[in-house]
2 protein chains.
Amino acid sequence: MSHWTLHPQLAADTHVIVRWPLCDVLLMDDANHPWLILVPRVAGVSEVIDLDSAQRLQLMHETDAASLALRGLLHPDKLNVAALGNMVPQLHVHVIARFRTDPAWPRPVWGAGAARPYAPGDLAERVSLLRETLTSAAG
Amino acid sequence: MSHWTLHPQLAADTHVIVRWPLCDVLLMDDANHPWLILVPRVAGVSEVIDLDSAQRLQLMHETDAASLALRGLLHPDKLNVAALGNMVPQLHVHVIARFRTDPAWPRPVWGAGAARPYAPGDLAERVSLLRETLTSAAG
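Worth saying up front: this structure is predicted, and the values here are computed from it rather than measured.

### Side note on the relation of the copies chain A and chain B
Reasoning step 1: For these two chains of identical sequence, chain A goes onto chain B by a turn of 180° and a shift of 0.0 Å along the axis, with RMSD 0.0 Å. Such a turn and shift between the copies fits a two-fold axis. Across chain A, the rotation axis passes nearest the C-alpha of Ala82 of chain A, at a separation of 2.0 Å.
Reasoning step 2: A shared interface surface links the copies, since 100% of the contact residues of chain A are contact residues in chain B too.

As structure tokens, then:
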């Protein structure tokens, strides 16, 4: 099996928050939506069902932990959880806090408009808060 | 806890394929995409993280079984698996077989265009094939 490296498109679009036992947890650089992406560090896998059973269970736990953290911090109207991968084949799971007031509501966020990068101060603050919360959430 | 009933919008858009231990498995009436929807028969739940741990584990198993069945039957280029629920708050999980030749590719299927209902003969054939496959998949 080849060595896992983060897909360059994901690397370009996100900031690393924390490294959990299975997944790197990334923040999408889009101030329109609080948007985490979980990427299992398993080389060559595009589908959840191509993980082994222990990895699938761990992915479920980490997806749930990310969902709980976003809900606890931000009290969204809805969570969106999705593994799509039509554009970037490396397996990754989106966990997004949705609000009735957000620019894409009620549509999905993908393709709903250009990303709006965080202002530097807002980015630092969000990364710091998420890193603190998600580090303890995985403990 | 109130009694679970299928949300009327899901009932209107789908056909029942099979009843698994946790979920009703539905076929979206859209011939553009082989598209299953798994609906846990748990009243009042909108988010995966509001299921209890046994239910979450079972939902994972059933989602994986639906994914494996669609891949085994149809050999899609990609699977899309998602719990969104912005329009219909009753918890439901989409499992969709995607093809590079399908009308929405590479965009997500939601909002990509009007559903194209199955012709009656095609519907009966697809329901029959899926029912046979999914009934044995859950066994």
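### Things to note about helix α3 (residues 120-137) of chain B
All names here are of chain B.
Reasoning step 1: With 18 residues, α3 should cover 26 Å at 1.5 Å per step; its first-to-last C-alpha distance of 25 Å lies within 8% of that length.
Reasoning step 2: Turning to α3, its buried residues number three or more, namely Leu123, Val127, Leu130 and Leu134. Here the buried residues of α3 occupy an arc of 75° about the axis, which is enough to place them on one side. Pointing more than 90 degrees away from the buried face of α3 are the exposed residues Glu125, Glu132 and Ser136.
Reasoning step 3: Its buried side turned inward, α3 meets β1 (14-19), β2 (23-28), β3 (35-40) and α2 (53-74).

### A short note on the environment of Pro117 of chain B
All names here are of chain B.
Reasoning step 1: Here Pro117 is to be found in the loop between β5 (93-98) and α3.
Reasoning step 2: Residue classification places Pro117 among the exposed positions, given a relative accessible area of 52%.
Reasoning step 3: Setting aside anything within four residues of it in sequence, one finds Pro117 in contact with Asp29 and Ala31.

### A closer look at the pattern of salt bridges
Reasoning step 1: For the coordinates displayed, the defined rule picks out 14 salt bridges over all chains.
Reasoning step 2: Arg56 of chain A is the salt-bridge partner of Asp64 of chain B, the closest N and O atoms lying 2.8 Å from each other. Of this pair, Asp64 of chain B sits in helix α2 while Arg56 of chain A is found in helix α2 (residues 53-74), placing the two residues in two different chains.
Reasoning step 3: Exposure remark for Asp64 of chain B: the relative accessible area of 5% places this residue in the buried category.
Reasoning step 4: One salt bridge connects Arg100 of chain A with Asp77 of chain A, and the closest N-O pair in it is separated by 3.1 Å.

About the criteria used
- Residues numbered from 1 in each chain as written.
- Chains lettered and ligands numbered in written order.
- Predicted model: local features only at pLDDT ≥ 70, side-chain atom pairs only at ≥ 80, totals over all residues.
- Heavy atoms only, no water.
- Least-squares fit on C-alpha atoms with pLDDT ≥ 70 in both.
- Contact = heavy atoms within 4.5 Å.
- Helix = DSSP H or I, 4+ residues; strand = E, 2+ residues; numbered from the N terminus.
- Expected span 1.5 Å × (residues − 1).
- Buried < 20%, exposed > 50% of the residue type's maximum accessible area, 1.4 Å probe, protein only.
- Arc of directions from axis to C-beta.
- Salt bridge = Lys/Arg side-chain N within 4 Å of Asp/Glu carboxyl O.

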